[in-house]
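Residue strings, one per chain:
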Amino acid sequence: MHVCVVFGLTLAPPGGAERLCIEEADHFATDHEVTVFAPECDADYVVETLPDSVETVEYGRPHKGWRGVRRLRPLLSERDPDLVLSHYATEEVSVCCALDGTPYAPHVHGSVLWFPDDPRLVPHVNTPAYERLVAEVPGHRTFHDPPDLSARQRLWATIGERVRGRGLRNAAAVFTGSQRVAHELDGLYDADSTVVRPGIDASWLDGHGPRELSEHEYDLLSVSRLDPRKRIETQIRAVARLTERGYDVGLTVCGTGPDEDRLRETVEDAGTEGRVTFAGYVDDADLPGYYAGADVFGCSAWMSYGLSPLEAYGIGTPVVLSTDTYAKELLASEPAVSVADPNPGSWADAVATRLDSDETPNRDAVPTWG
């Protein structure tokens, strides 16, 4: 059987969706012919992570809408796949496969509600389903400011959402990582989906020595892209509150992104210089040591799933999650886990609870590959 996997973003590190695409292709390559398509690929990442038997094809930009269909369809038709799997390319793949009669299965990493200021939100605004779903998730109100579209832009957004909905309803199967996203796909598109929890590499769970993160008594850790949706500011300001309570804590922030300068200003404003370290990008191979070296891992993000808290918990580190980090569907009821509102006071309370507890993580709660 020939399986084609279409990844609608640049296939490059870091990122949970990228890891899932790679793991998926690697899994199918054991018994099947596999081709991975992406608008662009990081050649080194592909070589390091995919078996030699997997063909990778760049289909270029523009890659969305009808122009994406025109780029992608001839390449898919040439390979005549038995099944097409897609990530972030539901509309384009559904049109290509409808024209060729090929079964397809999209993996939806987050409904349109998880993309801030996205034109695709506009056709849904003020509908009963939109208002109900947005009210259920704290971050949806915080990060939604649907743009003011022209009549032409609104028309194209509406057409695109209708194509997306039809594509989801006509798919052989729709996969997503959380019950939250499945609930939203049902509400927005009347689309049924199957929740398949993305996991972590089983080799991460054992044999990793802890890295020394700071000279403080307790080490807190964050691993994410630095953008406002991750709310790292909440964790920085919580460090100040914990210090006031007598906890000698340091916070290591792993990751890069557009919010870094503002976060450095937050450190100065909060008076946490000397307690917050920006470690920059950390390679996947080095991350286990960071996780193992932390006393508490924090994920304060508005996030439809979240692999990093699963990685930390699987290695054996207690975790604090935001109320709208939906890895909580797996972890909230487990030992050594706290769920907190994404504000400094609640976050400091939750971290203190974890530092004062002798609970240990239940690593069996974490899904794994391999």
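Residues numbered from 1 in each chain as written. Predicted model: local features only at pLDDT ≥ 70, side-chain atom pairs only at ≥ 80, totals over all residues. Heavy atoms only, no water.

(A) Structural view of the overall build of the chain. Helix and strand counts for the chain come out as 14 helices and 15 strands. Taking 2.2 N^0.38 as the reference for a compact globule, 370 residues should give roughly 21 Å; the C-alpha atoms of the chain span a radius of gyration of 21 Å, in line with that estimate. Counting only C-alpha atoms, the chain reaches 65 × 50 × 35 Å along its principal axes. For the chain, buried positions account for 54% of its 370 residues. For the chain, restricting intrachain contacts to residue pairs at least 6 apart in sequence, the fraction spanning at least 24 positions comes to 67%. Total accessible area on the chain stands at roughly 16200 Å², and carbon and sulfur atoms take up 46% of it. (Helix = DSSP H or I, 4+ residues; strand = E, 2+ residues; numbered from the N terminus. Rg over C-alpha atoms; globule rule 2.2 N^0.38 Å. Buried < 20%, exposed > 50% of the residue type's maximum accessible area, 1.4 Å probe, protein only. Contact = heavy atoms within 4.5 Å. Areas by Shrake-Rupley, 256 points an atom, 1.4 Å probe, with all protein chains shown as cover.)

(B) Summary view of helix α3 (residues 65-79). Taking 1.5 Å per residue as the helical rise, α3 with its 15 residues ought to reach 21 Å, and the 21 Å between its terminal C-alpha atoms agrees with that figure. Most pronounced at Leu-72, the bend in α3 amounts to some 30°, and the proline Pro-74 follows within four residues. Against β1 (2-7), β2 (33-38), β3 (55-58), β4 (83-87) and α4 (90-100) lie the buried residues of α3. Positive backbone phi, approximately 50°, marks Asp-80, located one or two places after α3. (Expected span 1.5 Å × (residues − 1). Bend = angle between axes of the 7 residues up to and from the residue.)

(C) Here's a closer look at the sheet that holds β1. The 7 strands lie next to each other as β3-β2-β1-β4-β5-β6-β7, forming an open sheet whose pairing is parallel. Sheet topology places β3 and β7 (194-195) at the edges, where each strand pairs with a single neighbour. Pairing of β4 with strand β5 (residues 104-108) involves 4 bridges; the strand directions are parallel. Bridge assignment links Val-84 to a residue of β5, and that residue is Tyr-104. (Pairing = 2+ DSSP bridges.)

(D) Layout of the pattern of salt bridges. A complete count under the given rule lists 24 salt bridges for this structure. Here Arg-79 and Glu-78 are joined by a salt bridge, their closest N and O atoms 3.7 Å apart. The buried category is assigned to Arg-79, whose relative accessible area is 17%. (Salt bridge = Lys/Arg side-chain N within 4 Å of Asp/Glu carboxyl O.)

(E) Highlighting the packing of helix α5 (residues 128-135) against helix α8 (residues 179-189). At their nearest, the axes of α5 and α8 sit 9 Å apart, and the two run at 165° to each other. Between α5 and α8, the angle is such that the two are roughly antiparallel. Between α5 and α8 lies a crossing of right-handed hand. On α8, the residues that touch Ala-129, Arg-132 and Leu-133 of α5 are Arg-180, His-183, Glu-184, Gly-187 and Leu-188. A class-by-class count of the residues in the contact of α5 with α8 yields 3 nonpolar, 2 polar and 3 charged. (Axes fitted to C-alpha atoms, helices over the stretch in contact; angles between N-to-C directions. Parallel < 35°, antiparallel > 145°, perpendicular 65-115°, else oblique. Left-handed = near helix turned anticlockwise from the far one by under 90°. Nonpolar A, V, L, I, M, F, W, Y, C, P; charged D, E, K, R; others polar.)

(F) Region of interest: helix α10 (residues 260-270). Taken together, the buried positions of α10 are occupied by Leu-263, Thr-266, Val-267 and Ala-270. The arc that holds the buried residues of α10, viewed along the axis, is 105°, so those residues lie on one side. Structural note: α10 exposes Asp-261, Glu-265, Glu-268 and Asp-269 on the side pointing more than 90 degrees away from its buried face. Taken together, the buried residues of α10 touch α9 (232-244) and β11 (276-280). Trailing α10 by a residue or two, Gly-271 shows a phi angle of about 70°, which is positive. (Arc of directions from axis to C-beta.)

(G) Structural view of the pairing of β5. Most of β5 sits out of view: 5 of its 5 residues are buried. On β5, burial covers both faces: Tyr-104, Pro-106 and Val-108 on one face and Ala-105 and His-107 on the other are all buried. Viewed along the sheet, the connection from β4 through α4 into β5 turns out right-handed. Bridge count between β5 and strand β6 (residues 175-176): 2 bridges; the pairing is parallel. Bridging from a neighbouring strand, Val-108 pairs with Thr-176 of β6. (Right-handed = clockwise from strand over helix to strand, strands pointing away.)

It is worth stressing that arrangement in space is one thing and function is another; only the former is reported here.
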